[in-house]
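Here's the letter readout for the chains.
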Amino acid sequence: MTFALYIARDTPLHRIPPAAKLLALVVAGIGVFLIPDPLWLLPLLAAIAVLFVVAQVPLGATARQLKPVAFLLVIIFLAHGAFTSWTLGVLVVLRFLLLLMMALLVSFTTRVSDMIETIETVLRPLANIGLNPAKVSLALSLALRFIPILAEMTHEIREAQRARGLDRNIIAIAVPLLVRTLRLANTLTEAIEARGWDPDPPARIRR
Amino acid sequence: MDTRDIVYVALFAAVVGALGVFPPLTLPLLGVPITAQTLGVMLAGSILGARRGALALLLFLVLVAAGVPILAGGRGGFGVLLGPSGGFLLSWPMAAFAIGWMVERVWGRLNFVKAVTINVIGGILLIYVCGIPWLALVAQVPWDKAFFGSLNFIPGDLIKAGIAAYVAVTVKRAYPLIQPAAVNQE
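I will try to describe carefully the structure that is included in this document. Quick caveat: nothing in here was measured; it's all calculated off a predicted structure.

Rules of the game
Residues numbered from 1 in each chain as written. Chains lettered and ligands numbered in written order. Predicted model: local features only at pLDDT ≥ 70, side-chain atom pairs only at ≥ 80, totals over all residues. Heavy atoms only, no water. Helix = DSSP H or I, 4+ residues; strand = E, 2+ residues; numbered from the N terminus. Rg over C-alpha atoms; globule rule 2.2 N^0.38 Å. Buried < 20%, exposed > 50% of the residue type's maximum accessible area, 1.4 Å probe, protein only. Contact = heavy atoms within 4.5 Å. Areas by Shrake-Rupley, 256 points an atom, 1.4 Å probe, with all protein chains shown as cover. Lys, Arg positive; Asp, Glu negative; His and termini not counted. Charge placed at Lys NZ, Arg CZ, Asp CG, Glu CD. Expected span 1.5 Å × (residues − 1). Salt bridge = Lys/Arg side-chain N within 4 Å of Asp/Glu carboxyl O. Phe/Tyr/Trp six-rings, centres within 6.5 Å; stacked < 30°, edge-to-face > 60°. Lys NZ or Arg CZ within 6 Å of the ring centre and 35° of its normal. Buried area = accessible area lost by both parts, 1.4 Å probe. Polar contact = N/O pair within 3.5 Å; in protein donor to acceptor, adjacent residues only side chain to side chain. Patch = residues over 30% accessible without salt bridge, like charges linked within 9 Å, V, L, I, M, F, W, Y side chains within 5 Å.

1. Concerning the overall build of chain A
Item 1. The number of helices and strands found in chain A is eight helices and zero strands.
Item 2. Along chain A, from the amino end to the carboxyl end, the secondary structure elements read α-α-α-α-α-α-α-α.
Item 3. Relative to a compact globule of 207 residues, whose C-alpha radius of gyration would be 17 Å, chain A shows 23 Å and is clearly more extended.
Item 4. Structurally, chain A occupies a C-alpha span of about 60 × 60 × 35 Å along its principal axes.
Item 5. For chain A, the proportion of its 207 residues judged to be buried stands at 43%.
Item 6. Considering only intrachain contacts with a sequence separation of at least 6, the fraction spanning at least 24 residues in chain A is 73%.
Item 7. When the accessible area of chain A is evaluated, it comes to approximately 11600 Å², of which 67% is carbon and sulfur surface.
Item 8. Charge separation in chain A, taken as the distance between the mean sites of 20 positive and 13 negative side-chain charges, equals 2 Å.

2. Here we look at helix 2 (residues 37–48) of chain B
Residue and element names in this part refer to chain B.
Item 1. Over its twelve residues, helix 2 extends 16 Å from the first C-alpha to the last, a length consistent with the 16 Å expected when each residue adds 1.5 Å.
Item 2. Counting buried positions along helix 2 gives twelve out of twelve residues, so the element sits mostly inside the fold.
Item 3. Turning to helix 2, its buried residues number three or more, namely Q37, T38, L39, G40, V41, M42, L43, A44, G45, S46, I47 and L48.

3. Description of the pattern of salt bridges
Proximity of charged atoms lets side chains of opposite charge pair with each other.
All names here are of chain A.
Item 1. Counting across every chain of the model gives nine salt bridges over all chains.
Item 2. R111 serves as the salt-bridge partner of D114, at 3.6 Å between the closest nitrogen and oxygen.
Item 3. By relative accessible area, which is 27% here, D114 ends up partly exposed.
Item 4. Given a relative accessible area of 43%, R111 falls into the partly exposed group.
Item 5. Several salt bridges converge on common partners, so that one network encompasses E159, R162 and D167.

4. Regarding the packing of aromatic side chains
Item 1. With the rule as written, the count across this model stands at five aromatic pairs over all chains.
Item 2. Taking the centre distance of 5.2 Å and the plane angle of 55° together, the rings of F77 of chain A and W86 of chain A count as tilted.
Item 3. Against the face of F83 of chain A rests K145 of chain B, its NZ or CZ located 4.2 Å from the ring centre.
Item 4. The ring of W107 of chain B carries K172 of chain B above its face, with NZ or CZ at 4.8 Å from the centroid.

5. Describing the interface of chain B and chain A
Item 1. Across the contact, 63 residues belong to chain B and 67 residues belong to chain A.
Item 2. Summing the contributions of chain B and of chain A, the shared interface buries around 5500 Å²; its carbon and sulfur component is 79%.
Item 3. Taken together, the connections running from chain B to chain A amount to zero salt bridges.
Item 4. Our count for the chain B to chain A interface comes out at eight residue pairs in polar contact (both at pLDDT 80 or more).

6. A word on a nonpolar patch on the surface
Residue and element names in this part refer to chain A.
Item 1. A contiguous nonpolar surface patch, about 320 Å² in accessible area, is contributed by V26, I30 and L34.
Item 2. Structurally, the position occupied by I30 is in helix 2 (residues 18–34).
Item 3. A relative accessible area of 51% means that I30 is categorised as exposed.

7. Some remarks on the side chain of T3 of chain B
Item 1. Mapped onto the secondary structure, T3 of chain B falls in helix 1 (residues 3–21).
Item 2. Each residue touching T3 of chain B, except ones within four places of it in the same chain, is listed here: T189, I192, E193 and W197 of chain A.

8. Regarding unusual backbone geometry
Item 1. Unusually for a residue other than glycine, Q56 of chain A sits at a positive phi of about 55°.
Item 2. With respect to the helices and strands, Q56 of chain A occurs in the loop between helix 3 (38–54) and helix 4 (59–83).
Item 3. On the basis of relative accessibility, which here comes to 42%, the residue Q56 of chain A falls in the partly exposed class.
Item 4. Despite not being glycine, Q140 of chain B has its phi angle at roughly 50°, a positive value.
Item 5. Relative to the helices and strands, Q140 of chain B is located in the loop between helix 7 (112–138) and helix 8 (143–150).
Item 6. According to the relative accessible area criterion, Q140 of chain B is partly exposed, its value standing at 31%.

As structure tokens, this is what we get:
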């Protein structure tokens, strides 16, 4: 089980700084909605497909991400065909597909750690309105670190409940999972505080 | 927000992620497969309270946006948040906040019926109020079609509201967190 969409390759797309990719994504995302004609979107879709090849993204990874959305897109397309017009349906579905592919490309070619670093940089100015960057960083890295651990814990509990014939009972899994998580949170807090972690270092001390 | 609050927020974001990474669980008796993720939204609100619950879900969405595939079915990335169902996802922090706010109001007298009611209001009604207009506007689907299409998910959501309520009341008995005494321990 991997916990990132990132696909490690050495391509020009991987080397673009994450901030630039995110900015491009925002601009392109707005641009897609300004194009009124589906015919203009098709060459864009082809261009994105070429970028996927350049970034050496395996087809399977893309398919895995697109499959659940494809179902929804088909429904939206059919709804448009039945109630508005097929042209509008094509336009709307192509827009989503483009947006999704562009965002996926960014996710596939950017490390989660780099992305989070960028997010932290973007959030830094918010320190002025009381958002403590140290606290945000702690929360982000803790959550990242503990997703695999909690997934493993869920698996363990499920195995234990299987012995009691309760592995398909969501309540028998959720209650122990939450109690163990809350207990884990206590231990973790004590460990962090014991190491002297302080998000608000005294302002007077300067190095 | 002291260290303990931050740890709760982070671990709950991870719990919601862990719930999504797992294959859909099947309900006892009914055999309906459901993904446990909105269960996590309801539980975050009713176990952590408004502020921490909302922050946990916000953190979860930030991780999704950063490309961690922790949405049900192993999905992730910016695209999902901007897609047709983005409104439902973006409403999760608000839903957790609303649920937490209501639970805080009835904390001493919280029972199963109250918890279900709160989950239905905050965890179903509010999420649909945000998700359906988003679907209608972004996908340009007629409003009534978006509305009736979404109704298909109501039965599953009602079951989840019940499960979340039962779990929340049980966990409250084992580990009450919202009580002022517990919150201000340190």
